[in-house]
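Structure assessment
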Number of protein chains: 2
Amino acid sequence: MFDAAIIGTGPAGVSAALTLKQLNKSFIWFGDENLSLKVKKAEKITNYPGLINITGNDLVDAFKKQINSMGIEITPKVVTGVYDLSTHYGILCNQDMYEAKAIILATGVEALKPIKGEVEYLGRGVSYCATCDGMLYKGKDIIVVITSKAHEHEIEFLSEICNSIKVFASYKDFGINKPNVELLSGFPQEIIKEDMMKLKTRTEEINAAGIFVLKDSVSPAVLVPGLEIENSHVVVDRACKTNLRGCFACGDVTGRPYQYTKAVGEGNIAAHSLVAYLQTIKE
Amino acid sequence: MFDAAIIGTGPAGVSAALTLKQLNKSFIWFGDENLSLKVKKAEKITNYPGLINITGNDLVDAFKKQINSMGIEITPKVVTGVYDLSTHYGILCNQDMYEAKAIILATGVEALKPIKGEVEYLGRGVSYCATCDGMLYKGKDIIVVITSKAHEHEIEFLSEICNSIKVFASYKDFGINKPNVELLSGFPQEIIKEDMMKLKTRTEEINAAGIFVLKDSVSPAVLVPGLEIENSHVVVDRACKTNLRGCFACGDVTGRPYQYTKAVGEGNIAAHSLVAYLQTIKE
């Protein structure tokens, strides 16, 4: 069992990982190996102390070099559920289960706002996992909402099982060209369930047997049952403790300001708080 | 009047200054132009995100370059008092008064622990300001407790007024060689007042007409009357707000972990909170 699991590879996750490593704790770190796409796209960062007018790209490169130099590895999986097993946590990545004594949530702000109805119908027509649930929709018509190219292989997989797939992609250059996969324009506004699942955009309403939402990180409220959320942010105290014992949160997921400097600061605090927590559960 | 005054030039102060500048606020920044001596002395910092195994010296150099590149200036004065003037704050540096709408305290951890009795007898036998109070001790025997070479000129000044000066210096290579100035060994433990002022070390008790304590930063409890302190740290919420309206604190002064990454994170938060506060007091 790991001492800790960190979920998210943005600046807060990076900071937490560096400090846990420095403090000699074992941990597994879930997220994108390319770190934060959002940081990478930042044109110029003028207020990150110690790095003058750095571009987002250079900041991400600096993070990568630093992680590599310390021998820290990223497990490039999407965490689909975190379960309090009373003595420790179970972390589910689709079918794979990992165990850790404590958790750091650094999932960023992108995951905060699910589509209206998404969470309500999760497991009842909405799925986050193509490989887990794809077979339920064999020969049927489905909708996929996809937020990053990294998940296109899941659409490939679904296209071999399902009759037709209508796709809403929130990024440019969608790369799948298959006869039964159709890219639609418009933004998903709401998911409802009548006799079939329905996805509403501003202008239309599309029926489907099921809706897959494929994204880099899942809303923390969905990810961690029982987690206290307020105004769509995870509630933490000054030590980055959540309402759940052994569960810490840092970075944009805890609220404004959405700033890299704030995020790394909280990553550091969360790691220290986690180490203090490990002391209290030592036999 | 300035929008803000920042007190302290460690990592938290640097971060607050960078962000206030970025947000186009006017501010005055008090502290050592050489920034933090404590950071400068750090051998190797392994968990500051984006800077791999940087030495304290290089981190301070990076901070200096960044500040210069943004045209940010430091006012190299010791703040001796901060006064809530109801619509704004008055900041006293010995005889000089400055005004700002709001305050960021980033005074670090060194100032946290005054000598026992120091605060109690401040203004009644204990002084922080040689030029202000020196004449009170004309022709008398005094004690000086000094924590940094930067204040030796104040001892020069006092040596011309007072009969004799006994000095406790908490650094090496004390540089004053005058017939009426004597460097003593031992650590000041307590200040008491009987018919004269007395300074106790572990082994002796020295009498004086007055005791000057010359240090880079004054304990926040003394600096800002009414400020809420707990376990010798300034109490703040997650937005780095203190109990006083328009007064924010960040970095080591707010508590553990005493980490550069945590300090810069809080500096960023304090600056954002201050800017939000300025909005609320706009006419």
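Small disclaimer: the values here were computed from a predicted structure and weren't measured. (Residues numbered from 1 in each chain as written. Chains lettered and ligands numbered in written order. Predicted model: local features only at pLDDT ≥ 70, side-chain atom pairs only at ≥ 80, totals over all residues. Heavy atoms only, no water.)

**Focus on the sheet that holds strand 13 (residues 210-214) of chain B**
Backbone hydrogen bonds hold the strands of a sheet together, and the pairing may be parallel or antiparallel. All names here are of chain B. If you walk across this open sheet you meet the five strands as 6-13-7-8-9, and the pairing is parallel. Strands at the two margins of the open sheet, each flanked by one partner only, are strand 6 (126-127) and strand 9 (181-183). In this sheet, strand 13 lies alongside strand 6 in parallel orientation, the contact comprising two bridges. Note on strand 13: the bridge partner recorded for Ser 127 is Phe 212. (Pairing = 2+ DSSP bridges. Helix = DSSP H or I, 4+ residues; strand = E, 2+ residues; numbered from the N terminus.)

**Overview of the pattern of salt bridges**
All names here are of chain A. Across all of its chains, the model carries 26 salt bridges over all chains by this definition. Of the charged contacts in the structure, one is a salt bridge between Glu 194 and Lys 198, with a shortest N-O distance of 3.5 Å. The exposure class assigned to Lys 198 is buried, which follows from its relative accessible area of 11%. What you see here is one network of salt bridges that share partners, running through Lys 149, Glu 152 and Asp 173. (Salt bridge = Lys/Arg side-chain N within 4 Å of Asp/Glu carboxyl O. Buried < 20%, exposed > 50% of the residue type's maximum accessible area, 1.4 Å probe, protein only.)

**Quick notes on a nonpolar patch on the surface**
Residues and elements named next belong to chain A. Taken together, Tyr 83, Leu 85 and Met 97 make up a surface patch of nonpolar side chains, about 260 Å² in accessible area. Along the polypeptide, Leu 85 turns up in the loop between strand 3 (81-84) and strand 4 (89-93). Taking relative accessible area as the criterion, Leu 85 reaches 33% and is therefore assigned partly exposed. (Patch = residues over 30% accessible without salt bridge, like charges linked within 9 Å, V, L, I, M, F, W, Y side chains within 5 Å. Areas by Shrake-Rupley, 256 points an atom, 1.4 Å probe, with all protein chains shown as cover.)

**Concerning the sheet that holds strand 13 (residues 210-214) of chain A**
All names here are of chain A. With parallel pairing, the five strands of this open sheet are ordered in space as 6-13-7-8-9. With partners counted over all chains shown, the strands left at the sheet margins are strand 6 (126-127) and strand 9 (181-184), one partner each. In this structure, strand 7 (residues 141-146) lies alongside strand 8 (residues 164-169), joined through six bridges in parallel fashion. What sits directly across from Val 145, in strand 8, is Phe 168. Lying over the sheet, helix 5 (residues 152-159) contacts strand 7, strand 8, strand 9 and strand 13, oriented at roughly 175 degrees with respect to strand 7. (Contact = heavy atoms within 4.5 Å. Axes fitted to C-alpha atoms, helices over the stretch in contact; angles between N-to-C directions.)

**Things to note about the side chain of Ser164(B)**
All names here are of chain B. When you line up the elements, Ser 164 lands in strand 8 (residues 164-169). Assessed through its relative accessible area of 19%, Ser 164 is described here as buried. Separated by 2.8 Å, the side chains of Ser 164 and Asp 141 make a polar contact. Not counting residues up to four positions away in its chain, the partners in contact with Ser 164 are Lys 140, Asp 141, Ile 142 and Asn 180. (Polar contact = N/O pair within 3.5 Å; in protein donor to acceptor, adjacent residues only side chain to side chain.)

**As for the confidence of the model for chain A**
Predicted coordinates in areas of low pLDDT are best not read in detail. Of the residues in chain A, 99% have a pLDDT of 70 or more, and the chain-wide mean is 93. Taken over the whole predicted complex, pTM reads 0.84, whereas the ipTM for its chain interfaces reads 0.82. (pLDDT = per-residue confidence, 0-100.)

**A short note on the pairing of strand 2 (residues 27-30) of chain B**
Looking down a regular strand, the side chains alternate between one sheet face and the other. All names here are of chain B. Burial along strand 2 is two-sided: Phe 27 and Trp 29 and Ile 28 and Phe 30, pointing in opposite directions, are all buried. As defined by bridge partners, strand 1 (residues 2-7) adjoins strand 2 across four bridges and the pair is classed as parallel. Paired with Ile 7 across the strands is Phe 30, a residue of strand 2.

**Thoughts on the interface of chain A and chain B**
Of the residues lining the interface, 33 residues belong to chain A; the matching set on chain B comes to 33 residues. Interface of chain A and chain B: buried area, both sides summed, is about 2700 Å²; carbon and sulfur atoms make up 57% of it. Glu266(B) is the salt-bridge partner of Arg238(A), the closest N and O atoms lying 2.8 Å from each other. Taken together, the links from chain A to chain B amount to 21 residue pairs in polar contact (both at pLDDT 80 or more). Among the secondary structure elements, those contributing two or more residues to the side of chain A that touches chain B are helix 1 (11-22), helix 3 (56-69) and helix 7 (260-281) of chain A. Its residues assigned to classes, the side of chain A that touches chain B shows 14 nonpolar, 14 polar and five charged. (Buried area = accessible area lost by both parts, 1.4 Å probe. Nonpolar A, V, L, I, M, F, W, Y, C, P; charged D, E, K, R; others polar.)

**A closer look at the side chain of Glu266(B)**
Its place among the elements puts Glu266(B) in helix 7 (residues 260-281). Taking relative accessible area as the criterion, Glu266(B) reaches 3% and is therefore assigned buried. At 2.9 Å, the side chain of Glu266(B) and the backbone nitrogen of Gly251(B) are in polar contact. A polar side-chain atom of Glu266(B) sits 2.8 Å from a polar atom in the side chain of Thr254(B). What Glu266(B) contacts, discounting residues up to four positions off in sequence, is Arg238(A), Cys240(B), Cys250(B), Gly251(B) and Thr254(B).

**Looking at the nonpolar core**
Grouped together as the largest cluster of nonpolar side chains are 80 residues, with contacts concentrated most on Leu20(A), Trp29(A), Ile104(A), Leu20(B), Trp29(B) and Ile104(B). When residues no more than four places from it in sequence are discounted, the contact partners of Ile104(B) are Ala5(B), Ile6(B), Ile7(B), Ala16(B), Leu20(B), Phe248(B), Cys250(B), Ala270(B), Ala271(B) and Leu274(B). (Core = buried A, V, L, I, M, F, W, Y, C linked by side-chain atoms within 4.5 Å.)

**Topic: the pairing of strand 3 (residues 81-84) of chain B**
Residues and elements named next belong to chain B. Direction of pairing for strand 3 relative to strand 4 (residues 89-93): antiparallel, over a ladder of four bridges. In the strand pairing of strand 4, Tyr 83 is matched with Gly 90. Counting the residues between successive antiparallel strands, the hairpin from strand 3 to strand 4 contains four residues, one of them, Ser 86, with a positive phi of roughly 70 degrees.

**Topic: the environment of Lys138(B)**
Residues and elements named next belong to chain B. Of note, Lys 138 is situated in the loop between helix 4 (130-133) and strand 7 (141-146). Residue classification places Lys 138 among the exposed positions, given a relative accessible area of 56%. Separated by 40 residues in the primary sequence, Lys 138 and Tyr 98 place their C-alpha atoms 29 Å from one another.

**Details of the state of the cysteines**
Taken as a whole and assessed by the stated rule, the structure comprises zero disulfides over all chains. Summary of cysteine pairing: Cys250(A) is not part of a disulfide, and the nearest cysteine sulfur, belonging to Cys240(A), is at 6.1 Å. (Disulfide = S-S within 2.5 Å.)

**Observations concerning the relation of the copies chain A and chain B**
Superposition of chain A onto chain B requires a rotation of 180 degrees combined with a translation of 0.1 Å along the rotation axis, giving an RMSD of 0.1 Å. Such a combination of turn and shift is consistent with a two-fold rotation axis. Taking C-alpha positions as reference, the residue of chain A nearest the rotation axis is Gly265(A), located at 2.0 Å. A symmetric contact is evident, with 100% of the interface residues of chain A recurring at the interface of chain B. (Least-squares fit on C-alpha atoms with pLDDT ≥ 70 in both.)

**Comments concerning the packing of helix 1 (residues 11-22) of chain B against helix 7 of chain B**
Residue and element names in this part refer to chain B. Interaxial distance between helix 1 and helix 7 falls to 7 Å at its minimum, and their mutual angle equals 40 degrees. The angle between the axes of helix 1 and helix 7 places the two elements in the oblique class. Remark: the crossing between helix 1 and helix 7 carries right-handed chirality. Packed against helix 1, whose contacting residues are Pro 11, Ala 12, Ser 15, Ala 16, Thr 19 and Leu 20, the element helix 7 presents Tyr 260, Ala 263, Val 264, Gly 267, Asn 268, Ala 271, His 272, Leu 274 and Val 275 at the interface. Across the contact of helix 1 with helix 7, the residue classes break down as 10 nonpolar, five polar and no charged. (Parallel < 35°, antiparallel > 145°, perpendicular 65-115°, else oblique. Left-handed = near helix turned anticlockwise from the far one by under 90°.)

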